[in-house]
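Each chain, written out:
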Amino acid sequence: MLAAALASLALLAPPGWAPDREAVNAFADGRTGQVSFAVRTEDRLWGRSPDTVVHSLSLVKAVLLVAQLQAAGGRPLSTAQRRDLPAMIRESSNAAASRVVRRLGRARIERTARRAGMPRFRLAARWGLSATTARDETRLFLRIDSAMPPSHRAYGMRLLETVVPAQRWGIAEVVPAGWTAAFKGGWTDGPGLSEYQVALLARGDERVAIAVMSTGQPDHAYARRGLRGVFARLLATAR
């Protein structure tokens with residue numbers, strides 16, 4: 001699989017590429033709520049309030065995926081792991097995530113996050129309330145495939161690349177031609193809701209990690225149009 005092959009290559013930015021922050025900021029300034037984002041390549045970071053701390057919501061499930069695959073190492077995944085990981089990543093099942101948390105324990109999960117470059121991460125008793133930032137999420141995703149053991153790397157990346165159609169909004173709607181996207185989203189319900197997505201975009205040996213966090217949103221439809229608008233403007237020059 002492409003993702004497995006990429007892990008052994010140098011990580012490069014698209015030649016001459018930079019996100020259009022002016023266009024993104026103008027778009028975000030005209031909307032309800034707050035938007036923070038980070039865009040990361042091997043040697044650059046662009047952002048808007050990238051260190052704003054938010055509850056991780058279902059973004060933590062990407063950390064859980066990596067931690068579970070690391071715990072398995074070179075051994076085959078168990079029946080329970082094969083049941084829970086696709087449900088947790090592709091369908092964003094909270095019940096599956098809770099089972100993974102119980103199996104792994106706090107220490108292993110937090111160690112995985114620290115090794116991935118997420119110094120602010122602490123697993124909350126209610127895992128969706130764990131703290132994260134756009135900056136830290138892009139640190140995780142830029143090298144998320146290489147954080148997985150080789151024996152399970154293709155499997156783990158395939159889960160992130162095949163999120164179910166009902167959850168393929170935002171980044172999934174604007175991936176530039178020729179690029180692949182591995183991503184995870186998170187969201188809340190009720191007034192003032194939050195919608196997030198973090199993604200790794202790859203094309204050959206080029207890769208870009210992007211995290212967009214929107215909070216204080218009036219409803220899901222509005223929030224998801226906002227995610228799409230931010231990602232589209234950030235990626236407008238990634239051709």
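Enquirer: Go over the pairing of strand β2 (residues 45-48) with me, naming the residues and quoting the values.
Expert: The two faces of the sheet receive side chains in turn, since in a regular strand these alternate between them. A one-sided burial pattern is seen for β2, the buried positions being W46 and R48 and the unburied ones L45 and G47. Across 4 bridges, the pairing between strand β1 (residues 34-40) and β2 is antiparallel. Across the sheet, A38 pairs through a bridge with G47, a residue of β2. The loop that links β1 with its antiparallel partner β2 comprises 4 residues.

Enquirer: Describe helix α7 (residues 134-142), and please don't skip the residues or the numbers.
Expert: The buried count for α7 comes to 7 of 9 residues, which makes it a mostly enclosed element. Turning to α7, its buried residues are A134, D136, E137, T138, L140, F141 and L142.

Enquirer: So what's going on with the pairing of strand β5 (residues 180-187)? Which residues, and what values?
Expert: The buried fraction of β5 amounts to 6 of the 8 residues, a majority that puts the element mostly inside the structure. Where β5 lies against strand β6 (residues 193-203), 8 bridges are found, and the strand directions are antiparallel. Residue pairing for β6: T180 is matched across the bridge by A202. A loop of 5 residues connects β5 with β6, the two strands running antiparallel in sequence, and G190 in this loop sits at a positive phi of about 90°.

Enquirer: Hey, could you go over the layout of surface pockets for me, with residue numbers and the actual values?
Expert: Estimates place the volume of the largest pocket at around 250 Å³. Together, L57, S58, K61, S92, N94, R126, W127, G128, L129, W187, T188 and D189 line the largest pocket. Residue classes in the lining of the largest pocket are distributed as 4 nonpolar, 5 polar and 3 charged. Taken as a whole, the second largest pocket encloses approximately 160 Å³ of empty space. Lining the second largest pocket are Q70, T112, R115, A116, G117, R139, L140, L142, R143 and A147. Of all the secondary-structure elements, those providing two or more residues to the lining of the second largest pocket are α6 (106-115) and α7. Per element, the largest residue contribution to the lining of the second largest pocket is 3 residues, and it comes from α7. Residues of the lining of the second largest pocket, tallied by class, amount to 4 nonpolar, 3 polar and 3 charged.

Basis of the calculations
- Residues numbered from 1 in each chain as written.
- Predicted model: local features only at pLDDT ≥ 70, side-chain atom pairs only at ≥ 80, totals over all residues.
- Heavy atoms only, no water.
- Buried < 20%, exposed > 50% of the residue type's maximum accessible area, 1.4 Å probe, protein only.
- Helix = DSSP H or I, 4+ residues; strand = E, 2+ residues; numbered from the N terminus.
- Pairing = 2+ DSSP bridges.
- 1 Å grid on protein atoms, 1.4 Å probe; cavity = no way out; pocket = protein on both sides within 12 Å on 5 of 7 lines; lining within 4 Å.
- Points joined across faces, edges and corners; volume = space filled by probe spheres on them.
- Nonpolar A, V, L, I, M, F, W, Y, C, P; charged D, E, K, R; others polar.

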